[in-house]
Amino acid sequence: MSERYLLPNGRVLRYSFNERLMHWVAGVSYVYLLLTGLAFWSPWLFWIAVVLGGGTISRVLHPWAGVIFFFSVLWMYAKWGPQMRGTERDKEWWHSLPHYIRNEDDEVPSEDRFNAGQKSLFWGFLWCGVVLFLTGLVLWEPHWVSWDLRWLRLIAVILHPIAALLTIALFMIHVYMGTLIERGAFGSVVRGDVSRKWAARYHRAWYEQVVRDAGADE
Amino acid sequence: MSQANLEIRRISGHAGPVPGAGVKREFEVAKLVDTTTCIGCKACEVACLEWNGLNFTDTTFDNSYQTMPETAWNYWNLIKFDEQHVMADASLVSYDDSKAGGGGSLMLLMRKDQCMHCAEPGCLEACPADGAIVQYANGIVDFQQEHCIGCGYCISGCPFDVPKFSPQSRKVFKCTLCVDRVSEGLEPACIKACPTGCLHFGTKPEMQELAETRAKQLRDVSGFTNAGVYDPLGVGGTHVIYVLHDVNNPEAYGGLPKDPRIPWTVKLWKYPLKWIGNLAMLGGLVGLGVHYLRFGPKTVKEDDDVKEIKKEGPQP
């Protein structure tokens, strides 16, 4: 392992610079898509589009933000795909979900770099991203789809918001967990590091591996 | 093309009540197109361009009298020409099918195609932009381009392929039923130009009565036993109605849909999905808030560090 994961002062490197950049390209583009999308979703939220420069500008930029988001999700797939595959440990984690929700973390099995919930978030965003991208292409320019291919547009009209709603559910849980519940998680995706205690608490199997690898290097 | 002096019945993408609804006394208007007396002169097409100040555009020749295949963002009124055969039972059969079956006499159908001004407009249902589409109490459905965001969802909502997107301006356009003329007590430009009297304009009940009278005449006197009025209920009736020689086969008239409805995916998205989605999003936010109040943040314990496994070396 070329990169040093164990840092001085009791810190552990959790996300590399590239991973953080990738996360925030996806994050910023997603938030823009979410806000403009919600404006088009409900008349009660149309004011968001007005605040963001007007409905027309929002409609012009929304698909381009979608392209950025889609490619950042593909980037994530290239980088994180192998780490996101399900393991036996994940099944135990799902069984302990009620404990996890109640903050009874002593009852939760040791977790890899990404726990089963994070893996679900990843795959959910990936597959919804694919659906949103494909349906978004159909809806992008109204004159791209002829009247004879109207069924494509009618499928896209219903699938695009369904996929978007699924990502909103994932997004709400993700932001809630990352900012309010697991204190230190937000910092890890900004500065990159976490405390050893944090690593041992939430991703013990990963931390143990990091420590072992560090020992092997020396 | 905002008409401040007309009462508004519905507004697209609008939160809250519709201003002024039910205040003024309004008649519902309708345009009657009698396809049986149209001669295909296209005076209505020219009058539409003239009145609305639209540029003259190239026509497309396709072995037909038709000006172009479809209406366009800058060509809102198009007569559709169809060669059909009238069979012995007064039904219409397409030219190719009648050759196979034999018999029938050739007839050139001419139908003036434009926005139907549905009582339940799919374009307005699908539109997310506040005020981009309005329906006046007189039944006219009008696009307000200054509020249009160019998303093209109206095109998905319309069962008649009427709204047309202009890539240059990124806005959608269609027939206004000459709302600017009608609001001043004038008839639409196409009606004014029609030389045969196949186009009529008046209140909806008047036009329905006239249409039924004409259809009866066609059935009783002219031998068109399937003649009838096209005023499709799937979209709540329309403010453009047709008299057809064969009301059972509207598709023969340049693809007029037999039972037009707002597409079910648009309905599903605008009604159940919108409510399920809104409740789910609100429920999610409330749920997370309650979770935080009940359980609060996770905490890292002081003895969490794993000193004992440090530098044990790689595991198999």
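In this report, the structure presented in the accompanying data block is examined. (Residues numbered from 1 in each chain as written. Chains lettered and ligands numbered in written order. Predicted model: local features only at pLDDT ≥ 70, side-chain atom pairs only at ≥ 80, totals over all residues. Heavy atoms only, no water.)

**Here we look at the overall build of chain B**
- Helices and strands together make up the secondary structure of chain B, namely 8 helices and 12 strands.
- Taking 20 Å as the expected radius of gyration for a compact globule of 316 residues, we find that chain B reaches 27 Å, considerably beyond that expectation.
- Reported as C-alpha extents along the three principal axes, the dimensions of chain B are approximately 100 × 55 × 40 Å.
- The proportion of buried residues among the 316 residues of chain B is 55%.
- For chain B, long-range pairs separated by at least 24 residues make up 63% of all intrachain contacts whose partners lie at least 6 apart in sequence.
- Put simply, chain B shows about 14,600 Å² of open surface, and 57% of that area lies on carbon and sulfur atoms. (Helix = DSSP H or I, 4+ residues; strand = E, 2+ residues; numbered from the N terminus. Rg over C-alpha atoms; globule rule 2.2 N^0.38 Å. Buried < 20%, exposed > 50% of the residue type's maximum accessible area, 1.4 Å probe, protein only. Contact = heavy atoms within 4.5 Å. Areas by Shrake-Rupley, 256 points an atom, 1.4 Å probe, with all protein chains shown as cover.)

**Some remarks on the sheet that holds strand β1 (residues 6–7) of chain A**
Residues and elements named next belong to chain A.
- Strands sit in the order β1-β2-β3 across an open sheet of 3 strands; the sheet is antiparallel. The open sheet terminates on both sides in strands that have one partner only, identified here as β1 and β3 (193–195).
- Both strand β2 (residues 11–13) and β3 contribute to a ladder of 3 bridges, which runs antiparallel. Each bridged residue has a counterpart across the sheet, and for Val12 the counterpart in β3 is Val194. (Pairing = 2+ DSSP bridges.)

**With respect to helix α7 (residues 204–220) of chain B**
All names here are of chain B.
- With 17 residues, α7 extends 24 Å between its outermost C-alpha atoms, agreeing within 8% with the 24 Å of an ideal straight helix rising 1.5 Å per residue.
- Taken as a whole, α7 has its buried residues at Lys204, Met207, Ala211, Ala215 and Leu218. Burial along α7 is one-sided: seen end-on, the buried residues are contained in an arc of 70 degrees. Exposed side of α7, more than 90 degrees from the buried face: Pro205, Glu209 and Asp220 are the residues found there.
- Structurally, α7 contributes buried residues whose contacts are with β2 (29–34), β10 (199–203), β11 (228–230) and β12 (240–244). (Expected span 1.5 Å × (residues − 1). Arc of directions from axis to C-beta.)

**Here we look at the side chain of Lys270 of chain B**
Residues and elements named next belong to chain B.
- If you trace the backbone, Lys270 turns up in helix α8 (residues 264–295).
- Despite its burial, Lys270 pairs with no opposite charge, the nearest such side chain being Glu125 at 6.8 Å.
- If near-sequence neighbours (up to four positions away) are discounted, Lys270 is found in contact with Glu125, Ala126 and Cys127. (Lys, Arg positive; Asp, Glu negative; His and termini not counted. Salt bridge = Lys/Arg side-chain N within 4 Å of Asp/Glu carboxyl O.)

**Let's talk about the environment of Arg201 of chain A**
Residues and elements named next belong to chain A.
- Topologically, Arg201 is positioned in helix α9 (residues 196–202).
- Given the relative accessible area of 15%, Arg201 is considered buried.
- For the pair Arg201 and Leu97, spaced 104 residues apart in sequence, the C-alpha separation works out to 16 Å.
- For Arg201, the side chain forms a polar contact with the side chain of Asp106, separated by 3.0 Å. (Polar contact = N/O pair within 3.5 Å; in protein donor to acceptor, adjacent residues only side chain to side chain.)

**Let's talk about the interface of chain B and chain A**
- Contact with chain B, which involves 56 residues of that partner, is made by 52 residues of chain A.
- Across the interface of chain B and chain A, roughly 5,100 Å² is buried in total on both sides, 66% from carbon and sulfur atoms.
- Among the residues chain B hides against chain A, the three largest losses belong to Ile149, Met281 and Lys298 of chain B. Together they make up 15% of the total.
- Viewed at the interface, chain A and chain B are joined by 2 salt bridges. (Buried area = accessible area lost by both parts, 1.4 Å probe.)

**Concerning the side chain of His245 of chain B**
All names here are of chain B.
- Assignment of secondary structure puts His245 in the loop between β12 and α8.
- Overall, the relative accessible area of 6% leaves His245 in the buried class.
- One polar contact links His245 to Tyr253, side chain to side chain, over a distance of 2.7 Å.
- Apart from the residues within four sequence positions on either side, His245 is in contact with Thr35, Thr36, Met107, Leu109, Phe224, Asn226, Ala227 and Tyr253.

**Description of the packing of aromatic side chains**
Residues and elements named next belong to chain A.
- Taken as a whole and assessed by the stated rule, the structure comprises 23 aromatic pairs over all chains.
- Judged by centre distance (4.9 Å) and plane angle (45 degrees), the ring pair of Tyr30 and Phe171 falls under tilted. In this pair, Tyr30 is assigned in helix α1 (residues 17–41) and Phe171 in helix α7 (residues 150–181), connecting sequence segments 141 residues apart.
- Between Phe70 and Phe133, the ring centres sit 4.0 Å apart and the planes meet at 5 degrees, which makes this aromatic pair stacked. Here Phe133 lies in helix α6 (residues 116–140) and Phe70 lies in helix α3 (residues 55–80), a separation of 63 residues in the sequence.
- Exposure remark for Phe70: the relative accessible area of 11% places this residue in the buried category.
- Each residue in the set Tyr30, Phe69, Phe125 and Phe171 is aromatic and connected to the rest through ring pairs, giving one cluster. (Phe/Tyr/Trp six-rings, centres within 6.5 Å; stacked < 30°, edge-to-face > 60°.)

**Description of the pairing of strand β6 (residues 133–136) of chain B**
Residue and element names in this part refer to chain B.
- Burial along β6 is two-sided: the residues Ile133 and Gln135 and Val134 and Tyr136 are all buried.
- Sheet analysis places strand β1 (residues 8–11) next to β6, joined by 3 bridges and oriented antiparallel. Its bridge partner lying in β6, Arg10 is registered against Gln135.
- Sheet analysis places β6 next to strand β7 (residues 141–143), joined by 3 bridges and oriented antiparallel. In the strand pairing of β7, Val134 is matched with Asp142.
- Between β6 and β7, which follow one another and run antiparallel, lie 4 residues, and Gly139 among them has a positive phi close to 100 degrees.

**A few points about the sheet that holds β12 of chain B**
Residues and elements named next belong to chain B.
- Overall, mixed pairing links the 4 strands, which are arranged β10-β2-β12-β11 in an open sheet. The open sheet terminates on both sides in strands that have one partner only, identified here as β10 and β11. For this sheet, the mean inter-axis angle between neighbouring strands, taken without regard to orientation, is 25 degrees.
- Where β11 meets β12, 3 bridges bridge the pair, whose relative direction is antiparallel. Bridge assignment links Val229 to a residue of β12, and that residue is Val243. (Axes fitted to C-alpha atoms, helices over the stretch in contact; angles between N-to-C directions.)

**Remarks on the nonpolar core**
- Counting residues in hydrophobic clusters, the biggest one holds 66 residues, and the most contacted among them are Trp80 and Ile168 of chain A together with Ile133 and Trp269 of chain B.
- Counting residues per element, this core draws most heavily on α7 of chain A, which supplies 11 residues.
- In contact with Trp80 of chain A, not counting residues within four places along its chain, are Tyr15, Glu19, Met22, Arg113, Phe114 and Phe122 of chain A. (Core = buried A, V, L, I, M, F, W, Y, C linked by side-chain atoms within 4.5 Å.)

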